[in-house]
Each structure stands twice: as C-alpha cells, then as structure tokens.
Amino acid sequence: MQPEFWLERWQRGETGWHLPEINLHLREFWPRLGLPSTLQVFVPLCGKTLDLLWLASQGHRVIGVEISRRAVEEFFAEAGLVPEITEAGPLRRYRADEITLLCGDFFDLNTDHLREVGAVYDRASLIALPLELRPQYAAHFKALVPSAAPSLLITLDYDQSQMAGPPFSVHRAEVEQLFADRYAITELASFDVLDDSPNFRRRGLTALAEEVWRLDPRG
Ligand SMILES: C[S@@+](CC[C@H](N)C(=O)[O-])C[C@H]1O[C@@H](n2cnc3c(N)ncnc32)[C@H](O)[C@@H]1O
C-alpha cells in the first residue's frame, strides 16, 4: 500500500477500522502481560485510536507513529489535548502529556525515535500491509524496537482468496516466520468475528478470526 492510499482514506473519512471505544482485547489482555506502568509503549501505525489514551491511563508513556497528519491532529483535537509540535528528522513530533505521536512513515523511524520503548501494542498494523511489505516491516521493527520489549499483537485471519485486502489476512505461520527468530510467540485467543463484520461477509468472506498474540523476547 502506498502512503497515498492511506492519506486518501483519511481524507475521505473512510476509516472503518477506527473504533469508537477502547479495544476490548487490549483491556482484557494487556494486564495479563504484567508489565510495569513505567514502560514506554510503542503503537505502530496508530491512526487516531483511543487505545493510546487507555495505555496512558494505565500510567504508560506512549509513542505512536502515523503517516496521516489528519489522523494525528484529529486524535489530539478529539482528546481535548493541545500538542507541542517539533521536527524529528523526516517526521514531525506531536507531544501532549504522556502521549507522543510521530507523524510520518514508519519506515523513516530510526533507533533514536524508539530508544526508550519497553513494550509494543500493535492492532491492525501488520494486517494493513500487503504480503510483500510485511517482511520489510518486521525487519525494520526488529531493528528499531529494543530487544527486551514484549508485544501484544492483534491480527485477522481469513481465506485471502475470498477478499482482497486491506485488511490482509495474516496466518499463524506468517507471524512465526516474521517474528520467531526474536520472540516466543503465544496465541492468547482467537475470536470468530464474521458476524461483527457484515461488510466483509458481503465482500465474500465465509470465516473471519481475530487473533491476539503475545510476543515475548527470547533469552
Ligand atoms: C488499519 S489502520 C489501523 C490504525 C490503528 N492501529 C487502529 O487500531 O485504529 C492502519 C493505519 O496505518 C497508517 N499507515 C499506513 N502505512 C503507514 C506507514 N508506512 N507509516 C505510518 N503509518 C502508516 C494508516 O494511515 C492507518 O491509519
């Protein structure tokens, strides 16, 4: 997916992935990771998710990256926060209280941006990327995210021949292929969500699972 695809989706307000509430799986499974609230949490491809606010409410410092300036500015405006804006290399840093959003391309992030990260929450970023880009995403992720940081990952799994993405289907085998060199991977839950997704049913899906993964750094 080219950046223009996402910028146009935001421009046209076609943001069906955006939830009007905190993600239920985040609420349920994040506490099970047992992470100290002192950790900074990285949220890749964050959109304007309210999950950023929930993570901050748990005491975490939060850093997200999002390519759409509209998404970033709407996030702060809708949260009633006035961010301080500074340049951060090719990205633009918006910061208010404990939440920092880097506006720009994930692939332009460098180790300095994520130096303090201690955990990751990824909902719907891996599945936003086409098959050929996911290995690059995972490689860049592993190069930048400090090696001790665990992740909570939320993906979708369906028969990719029934529907073109995004969202793309990511099977267990691919999660393993992308991340098993660095992380022990545990599937925490798999939910049948086809009934919650009439749009995807209309597009031809006969089964749709939402899967929650825990990625723990090895050694
Ligand atoms: C499917 S949405 C998920 C948003 C968010 N994680 C959520 O749960 O609401 C994917 C987001 O990634 C952003 N995005 C896509 N490619 C990106 C890139 N290369 N760098 C930064 N953000 C990107 C899009 O603008 C979009 O907001």
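Scroll up for the structure.
Each value, and the rule that gives it
Residues numbered from 1 in each chain as written. Predicted model: local features only at pLDDT ≥ 70, side-chain atom pairs only at ≥ 80, totals over all residues. Heavy atoms only, no water. Salt bridge = Lys/Arg side-chain N within 4 Å of Asp/Glu carboxyl O. Helix = DSSP H or I, 4+ residues; strand = E, 2+ residues; numbered from the N terminus. Buried < 20%, exposed > 50% of the residue type's maximum accessible area, 1.4 Å probe, protein only. Core = buried A, V, L, I, M, F, W, Y, C linked by side-chain atoms within 4.5 Å. Contact = heavy atoms within 4.5 Å. Pairing = 2+ DSSP bridges. Axes fitted to C-alpha atoms, helices over the stretch in contact; angles between N-to-C directions. Arc of directions from axis to C-beta.

Novice: Teacher, can you tell me more about the pattern of salt bridges here?
Specialist: Close approach of charged atoms lets side chains of opposite charge pair. Going through the model one piece at a time under the given rule, you end up with 16 salt bridges. Across the salt bridge formed by E116 and R61, the nearest N and O atoms sit 2.8 Å from each other. Remark: R61 occurs in strand β2 (residues 61–66) and E116 occurs in the loop between β5 (99–103) and β6 (117–123); sequence separation between them is 55 residues. For E116, a relative accessible area of 53% puts it in the exposed group. Taking the shortest distance from any N to any O, the salt bridge between E176 and R172 comes out at 2.8 Å. A residue pair is termed a helical-turn pair when its members lie 3 or 4 positions apart in one helix, as E176 and R172 do in helix α6 (residues 172–179) at four residues. Using a relative accessible area of 29% as the deciding quantity, one classes E176 as partly exposed. For R172, a relative accessible area of 36% corresponds to the partly exposed category. In this structure, a network of salt bridges that share partners links the residues E8, R9, R12 and E14.

Novice: In this structure, what is going on with the nonpolar core? I would like to understand it.
Specialist: Within soluble globular proteins, side chains that are nonpolar generally end up buried alongside one another. F42, L109, L114, F141, V145, F179 and L208 are the most contacted members of the largest nonpolar core, which totals 39 residues. Secondary-structure elements contributing two or more residues to this core are β2, β6, α5 (134–144), β7 (151–157), α6, β8 (183–192) and β9 (209–217). At four residues, the largest contribution of residues to this core is made by α5. Those residues in contact with L208 that lie beyond four places of it in its chain are L156, D157, Y158, F191, D192, V193, L194, S197 and F200. In terms of nonpolar packing, the next biggest core, distinct from the first, is built from 27 residues, L52, V62, A119 and V212 among them.

Novice: Would you take a moment to explain the sheet that holds strand β4 (residues 91–96) for this structure?
Specialist: Remark on secondary structure: sheet strands pair via backbone hydrogen bonds, oriented parallel or antiparallel. The strand order β3-β4-β5-β2-β1-β6-β7-β9-β8 describes an open sheet built from nine strands, whose pairing is mixed. Strands at the two margins of the open sheet, each flanked by one partner only, are β3 (84–88) and β8. Each strand of the sheet is rotated relative to its neighbour by a mean of 20 degrees, with strand direction disregarded. Strand direction decides the pairing type here: β4 and β5, joined by five bridges, are antiparallel. Across the sheet, residue A96 finds its bridge partner in β5, namely I99.

Novice: What's the story with the environment of T15 in this structure? I'm lost.
Specialist: Looking at the element boundaries, T15 is found in the loop between α1 (3–12) and α2 (24–33). On the accessibility criterion, T15 (17% relative accessible area) is buried. Through-space distance from the C-alpha of T15 to that of Q58 is 26 Å; in sequence the pair is 43 residues apart. Not counting chain neighbours up to four residues away, the residues in contact with T15 comprise R9 and W10.

Novice: What is the right way to look at helix α4 (residues 69–79) in this model?
Specialist: Each full turn of the α-helix corresponds to 3.6 residues, which orients residues three or four apart in the same direction. Buried residues of α4: A71, V72, F75 and F76, and no others. Down the axis of α4, the buried set is contained in an arc of 125 degrees. They therefore lie on one face. The exposed residues of α4 that point more than 90 degrees off its buried face are A77 and E78. In the core, the buried residues of α4 are packed alongside α1, α3 (51–57), β2, β4 and β5. Positive phi appears at G80, one or two residues downstream of α4, with a value of about 70 degrees.

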